[in-house]
Every structure is written in structure tokens, then in C-alpha cells.
Amino acid sequence: MEDFYSAEEKLLREQATKFILEKVRPRVEEWEKTGEMPKSIFKEFAAQGFLGILVPEEYGGSNAGPKAFLAFSDAFELSTSAGVGAAIAMHAGIVTRLVAELASDPIKKKIIPPSVKGDIVGALGLTEPNAGSDLASLTTNVRREGDYYVLNGTKTFITNGCWCDYVLVLCRQEGTKGYEGMNLLLVERNSPGFSVSRRIETLGWRPSQTGELVFENVRVPAGNILGKEGKGFQQIMRALEWERLMMAHQSLRKAEIALDMTMKFVAEREQFGKPIAAFQNTRHVIAECATRIEVGRALVKEAVKRHLAHEESEAFAASAKLLCCEDAQWILDRCLQLHGGYGYTMEFPIQRLWRDHRLFTIGGGTSEVQREILARILDR
Amino acid sequence: MEDFYSAEEKLLREQATKFILEKVRPRVEEWEKTGEMPKSIFKEFAAQGFLGILVPEEYGGSNAGPKAFLAFSDAFELSTSAGVGAAIAMHAGIVTRLVAELASDPIKKKIIPPSVKGDIVGALGLTEPNAGSDLASLTTNVRREGDYYVLNGTKTFITNGCWCDYVLVLCRQEGTKGYEGMNLLLVERNSPGFSVSRRIETLGWRPSQTGELVFENVRVPAGNILGKEGKGFQQIMRALEWERLMMAHQSLRKAEIALDMTMKFVAEREQFGKPIAAFQNTRHVIAECATRIEVGRALVKEAVKRHLAHEESEAFAASAKLLCCEDAQWILDRCLQLHGGYGYTMEFPIQRLWRDHRLFTIGGGTSEVQREILARILDR
Amino acid sequence: MIPSLTDDPQYFSEEHREFRRQLRKYVENEIVPHVDEWEKAGMFPSDLFKELGKRGFLGGRYPVEHGGSGGDYFFLCILAEELGRCRSGGVSMGVLAHTEFGLNIISKIGSPELIEEIVKPALLGEKICAICVSEPDAGSDVAGIKTTAKRDGDYYVINGSKTFITNGTRADYLTMAVKTDLAKGHHGISFFAFPTKLDPGGTKGFHVSKSLKKIGMHSSDTGLLSFDNCRIPRKYLLGEENKGFYYIMKNFQGERLAAAVMSNMRGRIGLEDTWKYMGERQIFGKFQKQFQVLRHLMADMVARQLASECMSYQTVKLYMNTSEPPTKEISMAKMYATETCQWINDRCLQIHGGMGYIDETYISRSWRDSRLSTIGGGATEVMKEVISKLVMK
Amino acid sequence: MIPSLTDDPQYFSEEHREFRRQLRKYVENEIVPHVDEWEKAGMFPSDLFKELGKRGFLGGRYPVEHGGSGGDYFFLCILAEELGRCRSGGVSMGVLAHTEFGLNIISKIGSPELIEEIVKPALLGEKICAICVSEPDAGSDVAGIKTTAKRDGDYYVINGSKTFITNGTRADYLTMAVKTDLAKGHHGISFFAFPTKLDPGGTKGFHVSKSLKKIGMHSSDTGLLSFDNCRIPRKYLLGEENKGFYYIMKNFQGERLAAAVMSNMRGRIGLEDTWKYMGERQIFGKFQKQFQVLRHLMADMVARQLASECMSYQTVKLYMNTSEPPTKEISMAKMYATETCQWINDRCLQIHGGMGYIDETYISRSWRDSRLSTIGGGATEVMKEVISKLVMK
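Residues numbered from 1 in each chain as written. Chains lettered and ligands numbered in written order. Predicted model: local features only at pLDDT ≥ 70, side-chain atom pairs only at ≥ 80, totals over all residues. Heavy atoms only, no water.

Every contact between the two is made by 46 residues of chain B and, on the other side, 46 residues of chain A. Around 3,900 Å² of area is buried between chain B and chain A when both sides are counted, 55% of it from carbon and sulfur atoms. The largest share of the area that chain B buries against chain A comes from Leu-203, Gln-337 and Tyr-344 of chain B, three residues that together contribute 21% of it. Taken together, the links from chain B to chain A amount to 4 salt bridges. (Contact = heavy atoms within 4.5 Å. Buried area = accessible area lost by both parts, 1.4 Å probe. Salt bridge = Lys/Arg side-chain N within 4 Å of Asp/Glu carboxyl O.)

Following this line, the structure appears as C-alpha cells:
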């Protein structure tokens, strides 16, 4: 994998690793306990330039590119909290980038610079109570009234939802169905009719402020539309593929971090008169884990390359999301098992990696949805 | 499985089910949130007679027998909290029973009646920081001084540890090693030198007061020994086998409860225009889950029968512990997956069943230890 | 030592055990020495039916009035298990295809005339039976059967083809599912005991179009059969017209249970042979049985093996004690036993290393033989359909 | 459509692609029509080596001075992949055992005299080579080799036996690992290019004791060989005495990588054939490809297939660009590809139902052929030992 990154990207990863280990990791246990991370964390990340990796220079970003963002994610996974990673990646890896790519100039000028500085935080509103992986059936409703769009509906499972300053809402023009006729609107928090109805308590991702958002006759200025009318879904497809790739990549990184911890643990912990590392079973399990990580990397590398080159990437991205997230789940489970009883205590981070990661085969399109995508590619 | 229980046992299960659903289940969410269950819960269980199932009538029990206890456990699993079940099962399913079987008459008279009434709570002290599944290497030390045993050492991962009123401590006579030379001592909480050094925060089993216990020159009256000097390990082997059988049985019950919840969920939740239950994938996953539960039951039934008849049961008990706990883990994971994003929220109990159960392939002898046991049986 | 239930008194009486002892001795002395030859020939000799028949091994669970011994289903289990000890899957499959799959329904719903003509001689091994359901375009999907029987006075005229028929190249009677009403799907199926030797030189219009070569089960013959205007007397209709699907539901559960029991024995023998091999074979200066990962793998296999055996035996008991067959439990037992047997044999082959890939080792034969079990007699996928319908109400 | 990397320009130049096109055409026209016959015969004809050799297919990655084309390792990948398209695993295995496993080390460390005598004619297919390491009591454990070579003036005298030798019944030269110092374990191994036809009627003392019958790989011959005081000239020693283990470490990684590439192709063809079958076969009134569980299974298989191909190709690139072979990545690629291929072929057979169990379907052959891959050339268990040593420092 080392030949995947450029020298600059590696440097960025190094800088980020130092930052995470010194400034973030020591505070994670507290945030996880309370479920509360200070929102100012965005400013701390911003001060290092990390929130502008995918943003053009004219808006205050470094435009270092997607691979740089993956290198950055290798570092932030070292926080051992998916909630931290998810909050940052959603804001800087997906939302800000969508604004930079699709919004009108005035909106870009208004939203992106403070986003890059960490002064405001973005969220992405896709999932609804009755439309998860199946976006074609979403019902959040939009109609045009003069210079405004009027928005009604509910979005749920929204990362950064509780503290977001703006949210990109995928909504449906009246009378349309399926994947056609959707708009993507940028809704600011202070809009009348917008509210956070509740925080959703989850098994993991605790600091990520997962929330449910309600829109009641929210009037959104017409200029807040991202891209074209009716093409909301089509316009985010590439961003969704990118999300899949990020998730596959992050899964493997989590697995790698867990495996490193585990190798350290089994070398130190003794049972039956010898280190656990000396048991053949331990060694074979570790060999299998290491192999699945390495193979997953090879697949992600190819998928990212194709995605960036706009070559046929769909099958590779779906395969990577499916395989890497499933394999990482298995690896994290085996790592927890090798920790024995200690793996079950809150004193070792392996429990959090394990439970945090469980969402990776559900979020960003479940494993089942990836299989559907792949099967449809076979149909062609 | 229905032919497994007698009519009386089924009646007991019915009574217990009513009690659990009315008096326990509604309070579980709160206990899980705070990690605190009132200790008076033992008295509530006692008032129903549940704590005396394995205790002879002369000490206030019903002596309804091990199968009755399994029937009772079918009910208490409906609390959906392994912490509740573990606390009760440890006290009434293992510790009190060991006292009734092995202690001297004065100790029995002193300890058992209040245990059956829920006035005092027992714990079992086996695991040490460096001796988990490998009890042969335990180091908690005991020496005789006149009419006392003097005890030194640390026990960890002790269910009911933080609030126990007495604990059965497996300890080693000076100069012995391996499985020989151990004593089993009943240590009361008020003994000078005994302390709970900390509560261990765990991923699940939250209300079960898992703690670490320290013994510093604790003087235990000589009459507090259970059974014979030097035979501490051998004397609890049957209790450990019983624990394995309980865990296998409880695992399947958890899986069954989860599967019931899941079948209900998939029948109601729609995606892509139809209930999730209508997807072939869903149906096949459920068929596989149901089959593994039924097969596991057949194995447990045979293992319990042999255990109770004192026939060759070792291989069956180890197989049951290994297979049922592993399979239940897989089933719970699949059930969580079928819940989609909802499975990851704290609003559905499936997340707790999943994370609570993760300890079942670690505690009571890890899966790896069960495999060792089985391989040694093959060696014979 | 691998713990076993095959002598457990909760299932097996002294009478059962004696039956097992005799059969085991017979298998060891009279079958084992020949199986390599039969594997090569692609077929065991038809005389085997007679030898088994005249010793009373075939009729264990059949009524005395039909020429059987009047025993319970556990006699069939013993037959399936002990034949399995010859380590040639085709032998057990061929014998059971005759004595259980083909014959059972005739004994249950056949007329007294057919009992005399078919069941009695068949239990002596003098006539050979086969079950005949699959077609080139209808395997697990019986509603899709296309072979037809058309009433013509006192005769039926049969047209179509059947495939994957065990004993198909030599059977005297084919217990055959056909459509008597093409329009009715499941409800147009009828059963016949089709006689293949009605006319000299074979029933007119009946042909064995092909003897199918299979990956394994080499000692058993498998036929592709064709029926071209075969006229057979009406008496060969089993039970009533168009009730075939009901007969399948009611009478064919025993076949699945037998498949489970056969698979369990195939798994058990794989484990026994492999554990023995692990004690003989050295690598890196140690016996294979000293390597932790192989020991743990053995432990996993033993656990599943015991679970599967418990499940099957308990289901047999349930099957014997209930009037309606316990379809859910039988489907689960079948699926679990066959998947387990296949997995065990695959892992056992792996433990054998290069030797496992050589034709002459038992494990290689057992591996390819066991591959059929999750496909035939109700594929795993079909079992899942059945089970899910029964558990999801 | 199953996405593919076999034309990806990051790995394959126009020259590679032309090589692939020619070879594919040759396989289709000249090999495919004969494989059924070769499978039955238990051996493909030796002429095949000559036909491939004279068209330049064997020497793709060998130096021009040795009679090759001077290409890179991807030429070998193409050879492994395109031969795989004949759907008879023994053909690819036999050809690669010759042109890669047997010949590579001779080309690398053999004297100029041996290059002339062996490599040049072998690349033309006029001489046949084999790799010869396993013994009845030493498979994956090379330190346990017992065959000895004892120096006697200008000769070595060789005694012992070798087994599981692909091309063993007809090879002209055996690239053979023996002990020159029994006391030294790994450090007493030496390599010879053993000539089997030194004397008229065969090198004295050399015998093919047995042609081994295998579960699969039927078109390839496998020998059990014995050496009884065989005297061969000293010049046939490869490299230096007692350095054999080093040569294995250094030169045999390419063999494992080739095994990965071969397995990937076997998995891919299984998927292609099965998806096609699913579009043709109807059950319960629907095409198989319309059933969700089968679609999802296909998706899982495709994901693993692509992952394995990415892993293997990226490892080939790494292998070409580093001086020390990347043992960790190669071991991972080998283990993953062979396990994946075996799993895919097993699931594909299952999807074929009863047809999958019939000898004549491709999938049944591919299934039994693929079973060898996790055993031969470094079993999965051995790969795990290697990998764990490299990752746990």
C-alpha cells in the first residue's frame, strides 16, 4: 500500500498522526464516556488544515485531493473512536466537498470558508425513517414557491445532525418517483421550521451527534439548490461511491490498528505458561487477519484508482465496500476474542473498535445493498 | 425441546415469564443506562421462590432441580439484559448450590437461608489477572494458621463482585502447583483485609456489578472451607460443567428471543416497496438461524441428560458450550444486520443482546478452551 | 476416542444392537473387500440386494405382513449407518434408494396385489426398486414435472423422461411421479409403480437413454430414462390420481431423515479415519495430532458432528411418535447433517494433505461422495425455503 | 458481465495482449476439442509441449539467450490464465510444472552447459521437465527430505523416492531436491537436474513406481518415483552443494504466485459458466439468476474474485520490481487465491444442482481440479505459518 501515496500525502499522514496521538487520542475516553465531544474540535482540526483537503485553494482549502484525505483518515482512525472520524469525515470528506462541487458561487463563498475554518459544521440528509438503503422511496417533499423552496419531511440517522450548522437535504419534487425528480438543497440551521427532534443514542459512534432532523414548511432560498433541479440523486452518486471507498478504506485501517494492538497484547499476556502469541491458533488467526487486510487494500487501491480516473469503478467500489467492511468486522471480532476477558472491558479500546465498526456493514449502503449493486452489474 | 421439561417445570417457566415481563423488563432500560440495578432485586426474585430452585427444602429452597433452573432461565432471558440474568444465575444457579453441596452444616445454616431470601448475595472467585481460562496457574495463596486460613491474592472479572456479601474463593496451598492443592473457601464481605478494589466497566452485562476483589491477609475461619483440603479444583469441576451447560442453554434462548424480535421487525419494516420479510435473503438467513437454534437445543438436551445422569457428559458439555455460544453469536449478529440502522440504535434491544452475548464465547471457558477440552478427550 | 451415540439405550434396544452387530460383520466381511472393484465398475452387483434381503437387513422397519421384521425406523438408521462403514457412498445410496426411497410409498399406499408383486420380493432383494421424480427440467421443483400419464381404458400411457435416477439402469420397478393433469401444478401429480420389465426385453417404449457418470458415488448407477408411449396396466397407479403431492409431503420425509443419518455416518467415519491418520503422520518432527490448529479444527468438527447426531436421532424419535411428519425438524436435520458432513469431509481431506488428493485414500472418496448430499433429496436452498415458511408465520 | 482486469494497461502492454490473443486462439482451436479425451486418458500428449514451444508460448519470460522471448512475469501469468480456459486443470498444471516450476531454477543457477542441454530444448518443448521435492514422508516439510545424493568422484549417487510429481511419468529432467548432508536439516539440501534418460531404456536405478490416480487434475500425470543407486555426472548439480533451501526461498516464490494466478482464472471461469447457466436454467417458473439468494451469492463471489485478482496482479508487479521476492505478499496472494477459487467452485457447483454432480459438466471438473490448490505448492496451513512469522515480529 505504501506505493499508493505520494510523498506529500505521506507527510500529511505523519503530521496528522502526530496531531491525533497528541491532541485527540488522550481525550477520547472522556468523550466516549459522556458522548460529548466539544464542537471546537472542528477548529482544532481546521487549524492543521485538515478540513480543507478537498477544497480548492480559492476557498481556503489545500486542494490536496482524495488520496490525501485517505492518508489523513489513516491518521484519524488512530483516535480509536469512529465517532470522531465520522464527524470529521462527513463534514470535510463529503459535505463541504459537495458544496464546493455543486453550489452556486454566492453559496460557496458563504459556506465553504467558515467550513474549512471549522466555524460551521455540515451534515448530509439522506436517510429517512422509511427510506434507508432504498433512497428511491424517500418522501421528504419540496415545492417551489416564488424564490423559495418549501421543504417538509424528516431525516434520520444524520451524522453531525444535532450540532450541524447546515445540512444538505435530498428531497423530492411533488409528483415524481423513483430516482428521478429529486433536489439537493442546502438548509441552514437558523431556518424557521427546521429542528433537531432528537439525538439518537447508538451502540457506537457516540461523539458523532447522530440526530433526527425535522423540516416543517422550511423556506429555503432558491439559490440554495446544489446543481440541477430534479437531478439531486444523480448528482450525489459519485459522492456516494466516494463514501463507499472511504468506508472500505477506513474499515481496513481500523482492522489494522486493532491487529497491531492485538499482536502487542498476545505477546505480553501469558496463559498456560507461555505468551498467547506462542499458540499456533493465535498465529494462524493473525495470519488470516493480516491477509484479509492486505487483500482488501489491493482491492481498495484498484477501486480508488478507477474512481479517480473516472474509469469503470462501480463494481470495484461496491466490492470494496462489501468485502472490506465485512472482513474488518470479522477481524475485529477475532481481535476481541484474542484479548479474552480483557477484550470485554471498557479498559481496552478493542471493545470500542469492535462495536463502533459494526455500523460499517449497515451504513453507507448495507452489505445487502452492495450485493444488489453487484448483481445488477452482472445483469448488464 | 418441549418434551424436555416436565409439567411442573413448564409451570415454573410460565410463572417466571410473567414476573420478568411485568416486574423486570420495564425497568431494564434504566438499569442498563445507569449500570445500576437495585440490590433489592434479589429479594424480589426470592419472593417468587426463584433463588431456591437448587436448594434443599430444609434450607428454604424448593429443590426443583437443574432442569427447573433452566426453565427459569428461559424466562429471565426475556429481561433482554444479560447482566440481570448473570447476577441471578451466578448467585442462585452456581454459588448457593455449591454451598449447599459442599459446606459444613453450620455454614449452610448461616449462609443458605438468607441467600434463598435474597438478603445476601454470593459470588464465585476463580479468575485472576493472570489466570483466566487457565486455572492451573492461579496464584491466590492460602496458608493455615491455627483455626484460620490466611488468604492473599486478587480475583477479577467477578460477577456480583462489587456487591457480594460472600465469595467462594479458589486458592492455592503453599508449595502446590497445577490442579492439585487448591482449597475452596467461603469468605464473608466483612472480613478484615477483604476489599473490592474496583468495579470493572464492561461492554455488556452492565448491571452485574463485575468487580475485582483483593484479599490481604484475610483470616478465614477453618470451618469456612467447602469440601476437602487440596481438592478445591476437583470439587468444582462438576459446577463448571453445569455452568457450561447453563451458558449453552442461555445462548440459545437469547438467540431465540432475538430471532423472534427480528421476525417481527422484518414483517413490519418495508424497503424497496415490500416488507423485508419478503426478501429471499431474509428468509434464508432466518431459516439458517432457526436451524442452528434447533440443532443446538438437541445437543444441549443430550448434554444435560448425561450430566444429570452422571453419564459421560464431558464431550457433550464442551461441544454444547462451544457450538451454541458461537452459533448464538452468529445468529445475534445476523439479527442485528436484519434490523439495519435501527439495530444500531439504543432504542431496540437487539443491540444489547448482541453486545451482552459477546462475552459468552469468552467467559465460562473461552471457545478455545472448549476446543482444548475436546481435543484431549480425543487423545484418550 | 470420539464420543458416540450409536449404542445409546434411549434409541437402541438390544434387538437393534444385535441387528447392528450382524450387519456390521456382514459389511466388513462381504462388502468391504469388494468396494474398490465396484467403484471402478461404476456399480455394485445386483446380487448384493439378494444377499442383504435374505439375511433380513432390508425389511427391518417393514410390517411383517409385507415380508419385513416389523421394527421401527431406527432399524433403517442402522442400515444406513452400517452400510456407510464400507466407505463407498454409492452402496448405501443404492440400497436405500431401493429399500426406503423406492419401496416405502408402495408399502404405505400400494394395493395388496402390488404388495405381493413388488414389496415382498423387493424386501428379499429379488426385485429392485428406484425412486423416480427428477426430470431434466424439474429437480427440486416437483410442480414442474412434465412426464405425463394418460388414462386409456385399463391402461395408462406414459410419456416423458426422468433423470438422476439411482438404480435407474437396473430397477425392476420405478416409483414414479408423473402428471395426470398438466394444468394443475402440484395438484396434478400422481404416483405409479412403473414396471420396467412388463414385456420381454423390457417394457415397450422404456429406455435407459444414458448411464450418467458422476463426480462421486461411483459404486451406484444413475440413469437418464425415457418413456415413449409406455402402456402399463392401471393397477400400477399408487393411491389415487392427482394426490401425488400429498403423498410426497406425507411419505418422503423419511427419505430426508435417512439422508441425514447417512451423512452423519459419513462425517463420523471421516473424523475417525482422519484422527487415526493424524496419529500416524509426522511433519516438522511432530505428529499431526500435536498441532494446535488441527486439534482445534478436530474439536470444532466433533462438536458439530455430535450436534448433528443428537438432532437426527431426536428427530427420528419425534417422527416415530407423531402422526404428521415433523417437517420442520426433518428439514433442519437434513440440511444440517448434509452441510456438516460435507464440511467435515472437506476439512479432513485438507488435513490429509497430498494424500487426500489421491484416489485410493478413503477420505478422497468420502469427500466426493459427500458432495452430493446437499444437492440430492432436497437441496439446502430448498430446505431453507421449507424451513422459512414453517418458522415465519 | 463480470468486470475484469485481464486487459488492464497498468499490467498488460500491447505485446502482452497480442501474446494473449494468439494463445487464446490456440487454446480454443487446438486444446479445447481434445481435453475430454485427455481427461479420460489421464494425461495430455507430450506433443503439446512441442506445439506450445514452437509457437513461443513457453519461453515468454525467459532470457533470449536461453531461447526465451525476454519478457516479464506477466507473460507467465498470461500462459497460466489462457491455458486455464481449456477448463482442464491438468493441462495448465502440467505445462506450468514444466516451464515454470521445473525450469526456472535451472535457468537461474544452471551452468551454461545445462542451459544448452536442458533449458533451450525445454523451451521448445522438446525436453520435459518436472519439479521434484515431495517425498512419501516429507511434503511441506522440506527439512524432512530423506532422498540422498552422495558424491563419488565425478558422480553423485542418488537413493530415495519422490512422490506427487507432476509430469513425473514422462519428464526428461527432474529438478530435484535431495539431501547432500543428512545431519544438517534445511542446510543439507542440494538441487540437481536429474536426467531420467541417461542410459538407454532410462537412467539405471530410476523407476516410475506408480502413476498416481488423483481425485481431479485428470489430464496431468503424477508419478511416484524411486531412485536406487542412480549414478549421475556431477555437472547436474545445480548451484552449490547444501544451498538448496536458499534456492527454494529465493526461486520458488514465483511458483506460488503462478498458483495464485491459475486459481484466479479457475475461479473466474467458474463464475462465468455459472452466471451463464443461471440465465438458462429455470426453476419454480423463474430463471435462477432471478433468485435473490443466488444473486447475492454471486455478488459475494465476484467481490472476492476481484479482490484476489487485484492482490495477485499487484503482487506480481511488486515481485518484478524488488530484488528479494516479497514472500509475505506472495504467501498471502497464494493462500487467498486458492481458498477463494475452491470456495467459488464449490458454491458454483451447488448452484448447478444435480447437473453439477455429473462428470460431463465443466463445473464438476473445475471443482475437483481446484481442490488441489490449497494443498499443493505450499498448503494453506503452511502459508499461515510463513505469514505469521513475517507479520508478528
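Here the focus is the packing of aromatic side chains. For any two aromatic rings, the description comes down to two numbers: the centre-to-centre distance and the angle of the planes. Counting across every chain of the model gives 72 aromatic pairs over all chains. Look at Phe-50 of chain A and Phe-72 of chain A: their rings are 4.8 Å apart centre to centre, the planes differ by 25°, and that puts the pair in the stacked class. Residue Phe-50 of chain A is located in the loop between α2 (41-47) and α3 (66-76), and its partner Phe-72 of chain A is located in helix α3; the two are separated by 22 residues in the primary sequence. Each member of the pair, Phe-50 of chain A together with Phe-72 of chain A, is buried. Here the aromatic residues Phe-19, Phe-45, Phe-50, Phe-69, Phe-72 and Phe-76 of chain A are joined through ring pairs into a cluster of three or more. For Arg-20 of chain D, the ring lying beneath its charged end belongs to Phe-12 of chain D, and the centroid distance is 4.9 Å. (Phe/Tyr/Trp six-rings, centres within 6.5 Å; stacked < 30°, edge-to-face > 60°. Helix = DSSP H or I, 4+ residues; strand = E, 2+ residues; numbered from the N terminus. Buried < 20%, exposed > 50% of the residue type's maximum accessible area, 1.4 Å probe, protein only. Lys NZ or Arg CZ within 6 Å of the ring centre and 35° of its normal.)

This brings us to the pattern of salt bridges. Residues and elements named next belong to chain C. Scanning the model with the defined rule gives 138 salt bridges over all chains in all. A salt bridge links Arg-368 to Asp-359; the nearest nitrogen and oxygen atoms lie 2.7 Å apart. One connected set of salt bridges, linked through shared partners, spans Arg-20, Arg-24, Glu-81, Glu-82, Arg-85 and Glu-272.

This part is about unusual backbone geometry. Residues and elements named next belong to chain B. Positive phi, close to 50°, is recorded for Asn-63, a residue that is not glycine. Phi is positive for His-310, close to 55°, though the residue is something other than glycine. Tracing the chain through its elements places His-310 in the loop between α7 (280-308) and α8 (314-338).

This part takes up the interface of chain C and chain D. Taken residue by residue, the interface counts 43 residues in chain C and 43 residues in chain D. Of the roughly 3,600 Å² buried where chain C meets chain D, counting both sides, 59% is carbon and sulfur surface. Linking chain C with chain D are 4 salt bridges. Salt-bridge contacts for Asp-346 of chain D lead to Arg-371 of chain C; the nearest nitrogen and oxygen are separated by 2.7 Å. Across the chain C-chain D interface, the total number found is 22 residue pairs in polar contact (both at pLDDT 80 or more). (Polar contact = N/O pair within 3.5 Å; in protein donor to acceptor, adjacent residues only side chain to side chain.)

A few words now on the relation of the copies chain B and chain A. The two copies are related by a screw operation: chain B maps onto chain A through 180° of rotation and 0.0 Å of translation along the axis, at an RMSD of 0.0 Å. With respect to symmetry, the two chain copies, as superposed, fit the operation of a two-fold axis. Residue Arg-355 of chain B of chain B places its C-alpha closer to the rotation axis than any other residue of that unit, at 4.0 Å. Residue by residue, 100% of the interface of chain B is reproduced at the interface of chain A, so both copies engage with the same surface. (Least-squares fit on C-alpha atoms with pLDDT ≥ 70 in both.)

This paragraph deals with the relation of the copies chain C and chain D. Turning chain C through 180° and shifting it by 0.0 Å along the axis lays it on chain D, with an RMSD of 0.0 Å. Looking at chain C, 100% of its interface residues are interface residues in chain D too, so the copies touch through the same face.

Moving on to helix α4 (residues 82-102) of chain B. Residue and element names in this part refer to chain B. Compared with an ideal rise of 1.5 Å per residue, which puts 21 residues at 30 Å, α4 spans 28 Å between its outermost C-alpha atoms and is within 8% of the ideal. Where α4 bends most, at Ala-89, the angle is about 35°. For α4, the buried fraction is high: 19 of the 21 residues fall into the buried class. (Expected span 1.5 Å × (residues − 1). Bend = angle between axes of the 7 residues up to and from the residue.)

Applying the stated criterion across every chain, the model contains 0 disulfides over all chains. Looking at Cys-341 of chain C, it has no disulfide partner, and the nearest cysteine sulfur is the one in Cys-348 of chain C, 9.8 Å off. The thiol sulfur of Cys-129 of chain D is not disulfide-bonded, and the nearest other cysteine sulfur, from Cys-132 of chain D, lies at 12 Å. With relative accessibility at 0%, the residue Cys-129 of chain D sits in the buried group. (Disulfide = S-S within 2.5 Å.)

Ranked by internal contacts, the top residues of the largest apolar core, which has 497 residues, are Phe-45 of chain A together with Phe-45 of chain B. Among all residues touching Phe-45 of chain A, those that are not within four sequence positions of it are Phe-19, Ile-20, Val-24, Phe-50, Leu-51, Phe-72, Val-84 and Ile-88 of chain A. (Core = buried A, V, L, I, M, F, W, Y, C linked by side-chain atoms within 4.5 Å.)

Here we come to helix α4 (residues 73-84) of chain D. Residue and element names in this part refer to chain D. Compared with an ideal rise of 1.5 Å per residue, which puts 12 residues at 16 Å, α4 spans 17 Å between its outermost C-alpha atoms and is within 8% of the ideal. For α4, the buried fraction is high: 12 of the 12 residues fall into the buried class. For α4, the set of buried residues is Tyr-73, Phe-74, Phe-75, Leu-76, Cys-77, Ile-78, Leu-79, Ala-80, Glu-81, Glu-82, Leu-83 and Gly-84. Where α4 is buried, its residues touch α1 (14-31), α5 (89-102), α9 (253-280) and α10 (292-321). For α4, the N-terminal capping position is held by Asp-72, with its side-chain oxygen 3.0 Å away from the main-chain nitrogen of Phe-74.

The values reported here are purely geometric and, on their own, carry no functional implication.
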